[in-house]
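The chain contents come next:
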Amino acid sequence: MAISPKARPYLLIVVIALVIAGVVVARLPGGTARTTGEAAPEASATTTPAGVPGVGGDGAGDAYYPQDGNTGYDVDQYDVAISYDPAKKVLDGKATITAKATEDLSRFNLDLHKLTVSEVRVGDQTAKFSQEGDHELVITPASTLPKDRSFTVVVTYGGEPQAFEDKALGTSGWQISASGGAFAAGEPHSATAWFPANDTPRDKAKFKVAARVPNGWSVISNGREDGSSTADGWTTFKWTEDTPLATYLATVAIDKWKFERSQLPDGTKVVDAYAPGAEGKKNEQKRLPEILAFLSEKFGPYPFDEAGGIYLSDDIGFSLETQTRPIYAQWADLETVVHENAHQWFGDSVSVRDWADICLNECFASYAQWLWAEAKEGANLDDRYRSEVEKRKDSAQYWGRKLYDMGRGNEFRGVYDKGILALHALRRQVGDQAFDQVLKGWTSAHQGGNGTWPEFEQHVEKVSGQDLEGFFAAWFRGDQRPSDEYLLPGTLRR
């Protein structure tokens, strides 16, 4: 994700204000439960301990977002069918979820944000369900699901999708576009604003969507374009992403798109979509083949079968690396295109396990912008680095932002600027050859999966043959300006 330059100072001010006020942003239990099949009293969301026999937990275990995601099963595929009329702003959906039980399950949860469920079926039988708290869909199948057995869940739901509002991270999820259409994008939450999911990066799954909209509107999403069909004044557009994705990387965007289709030299298909008013962004996007070729040299082969971009005419506060096809705000420039496509390796192919690991996404995508400037514009990165260090030398606020395990609400404070300096210092510490091996080795070893920051530290030490405990403590785990030993390694020391 790239943050709007205008939004960055605001984000910092909000975080500081929250700290000063002593505010802890947390999920508050509340809401009512609605049950089908039998009467049920109103109930507030509760935390079910993971590992209770027969009951999946209502949180995947992330310390920052303890009730995001669920345990007890592993999703293989989401097959989502939606119907959306921009004039009414109402969505009707049916999601078919294929999963495998990881324990005997007499009950399990999905996540769904402020949409109303009318029916749930598990296999060929109707299941009892309740909607509890702000996003828990609690499902009780007619019979226990045996461990290691695959099963399907079909959830029928609808309503007016709502965005997620976060004091520290802003607006994400379902948003209405300037044209009157709509799009879904945001981090860490987005998917469950429009379909039920196991909303954690730990459970990546294949994704299909069939989106039905009134004639004159069109739809773009992740992955492969699987055609469209028209009937009774409506058109259904189908998209398929066969490479498993983290749920927040799924998108659907409804607008009066101008599509452009092409392919990369290796045959990879490219679909670009421009909203009315965003056609001027074609100059940036036409360099996508060059950008992906450059990033492939740095990070290894492009990890997906499709590519492209979605260009909004909306001045939202971020652009996002939605898998295979990033979604761009109105302010996005060429550096943003480089940044979001670098995420296809760092963030999409190799996803974080916990949000404390977010530097694995943002530090590397941000440093890719420096690598691009070095290769394409002749930038002297050592000089750029020294200039930034000198400019920030007395700023306790700048150096006080941790890059690993930075705390809930602080995930995006330091990763776009301090994170760049940290990676350039790491490059100079281990040398170019080892740094190149670090990048390619990491994306290769974890392709299609997840990684953690401690695992990355171990990886760098193994590749470089160096003991880097002090370096990582100073740059990534610490909240002070690094000592000169770590601030000026290698050629950075004059």
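Residues numbered from 1 in each chain as written. Predicted model: local features only at pLDDT ≥ 70, side-chain atom pairs only at ≥ 80, totals over all residues. Heavy atoms only, no water.

Some points on the confidence of the model for the protein
Thought 1: This prediction gives the protein a mean pLDDT of 91; 90% of its residues lie at or above 70.
Thought 2: Throughout residues 10-48 the model reports pLDDT below 50, and contacts reaching past four residues in sequence, or to other chains, amount to 65 contacts. (pLDDT = per-residue confidence, 0-100. Contact = heavy atoms within 4.5 Å.)

Regarding the pairing of strand S14 (residues 182-185)
Thought 1: Burial along S14 is two-sided: Ala182 and Ala184 facing one way and Phe183 and Ala185 facing the other are all buried.
Thought 2: Where strand S13 (residues 170-176) lies against S14, 4 bridges are found, and the strand directions are antiparallel. Looking across to S14, one finds that tryptophan 174 is bridged to alanine 184.
Thought 3: Linking S13 to S14, which pair antiparallel, is a turn of 5 residues; within it glycine 180 sits at a positive phi near 100°. (Buried < 20%, exposed > 50% of the residue type's maximum accessible area, 1.4 Å probe, protein only. Helix = DSSP H or I, 4+ residues; strand = E, 2+ residues; numbered from the N terminus. Pairing = 2+ DSSP bridges.)

So, the state of the cysteines
Thought 1: Counted under the stated rule, the structure contains 1 disulfide.
Thought 2: At a sulfur-sulfur separation of 2.0 Å, the disulfide partner of cysteine 359 is cysteine 363. Classification of the bridge connecting cysteine 359 and cysteine 363 rests on its S-S torsion, roughly -115°, and on that basis the disulfide is left-handed. With a gap of 4 residues between them, cysteine 359 and cysteine 363 both fall in helix H5 (residues 359-377), about one helical turn apart.
Thought 3: Overall, the relative accessible area of 1% leaves cysteine 359 in the buried class. (Disulfide = S-S within 2.5 Å.)

Things to note about helix H8 (residues 418-430)
Thought 1: Taking 1.5 Å as the rise per residue, H8 with 13 residues should run 18 Å; its terminal C-alpha atoms sit 19 Å apart, in good agreement.
Thought 2: The element H8 is largely enclosed, with a buried count of 12 among its 13 residues.
Thought 3: Taken from the residues just after H8, glycine 431 is the one with a positive phi, measuring 95°. (Expected span 1.5 Å × (residues − 1).)

Looking at the sheet that holds strand S19 (residues 252-255)
Pairing between the strands of a sheet comes from backbone hydrogen bonds, and it takes one of two forms, parallel or antiparallel.
Thought 1: Across the sheet, 5 strands lie side by side as S12-S13-S14-S19-S16; this open sheet has antiparallel pairing. Because the sheet does not close on itself, it has two edges, and the strands there are strand S12 (163-166) and strand S16 (218-221). Taken pair by pair, the neighbouring strands of this sheet meet at an average axis angle of 25°, ignoring direction.
Thought 2: Relative to S19, S14 runs antiparallel, the two sharing 2 bridges. (Axes fitted to C-alpha atoms, helices over the stretch in contact; angles between N-to-C directions.)

As for helix H9 (residues 432-445)
Thought 1: Spanning 14 residues, H9 covers 20 Å between terminal C-alpha atoms, matching the ideal 20 Å at 1.5 Å per step.
Thought 2: Regarding H9, the residues found buried are Ala434, Phe435, Val438, Leu439, Trp442 and Thr443. The buried side chains of H9 occupy one side of the element, clustering within an arc of 155° when seen end-on. For H9, the exposed residues set more than 90 degrees away from the buried face come down to Gln433, Ser444 and Ala445.
Thought 3: On its buried face, H9 is in contact with helix H3 (288-299), H5, H8, strand S26 (450-451) and helix H10 (453-464). (Arc of directions from axis to C-beta.)

Description of unusual backbone geometry
Where the residue is not glycine, phi is negative for most of them; where a peptide bond is considered, it is trans in most cases.
Thought 1: Here the bond from glutamate 187 into proline 188 is cis, since omega is 10°, no more than 30 degrees from zero.
Thought 2: Topologically, proline 188 is positioned in the loop between S14 and strand S15 (205-214).
Thought 3: Of note in this structure, aspartate 232 is not a glycine but carries a positive phi near 55°.
Thought 4: In this structure, aspartate 232 sits in the loop between strand S17 (224-231) and strand S18 (234-245).
Thought 5: The phi dihedral of aspartate 405 falls on the positive side, at around 50°, and the residue is not glycine.
Thought 6: Here aspartate 405 is to be found in the loop between helix H7 (396-399) and H8.

As for the environment of valine 350
Thought 1: Looking at where valine 350 falls in the secondary structure, it is placed in the loop between helix H4 (334-342) and strand S25 (351-352).
Thought 2: Residue class for valine 350 comes out buried when judged on its relative accessible area of 5%.
Thought 3: Sequence separation between valine 350 and tryptophan 442 is 92 residues; the distance between their C-alpha atoms is 8.5 Å.

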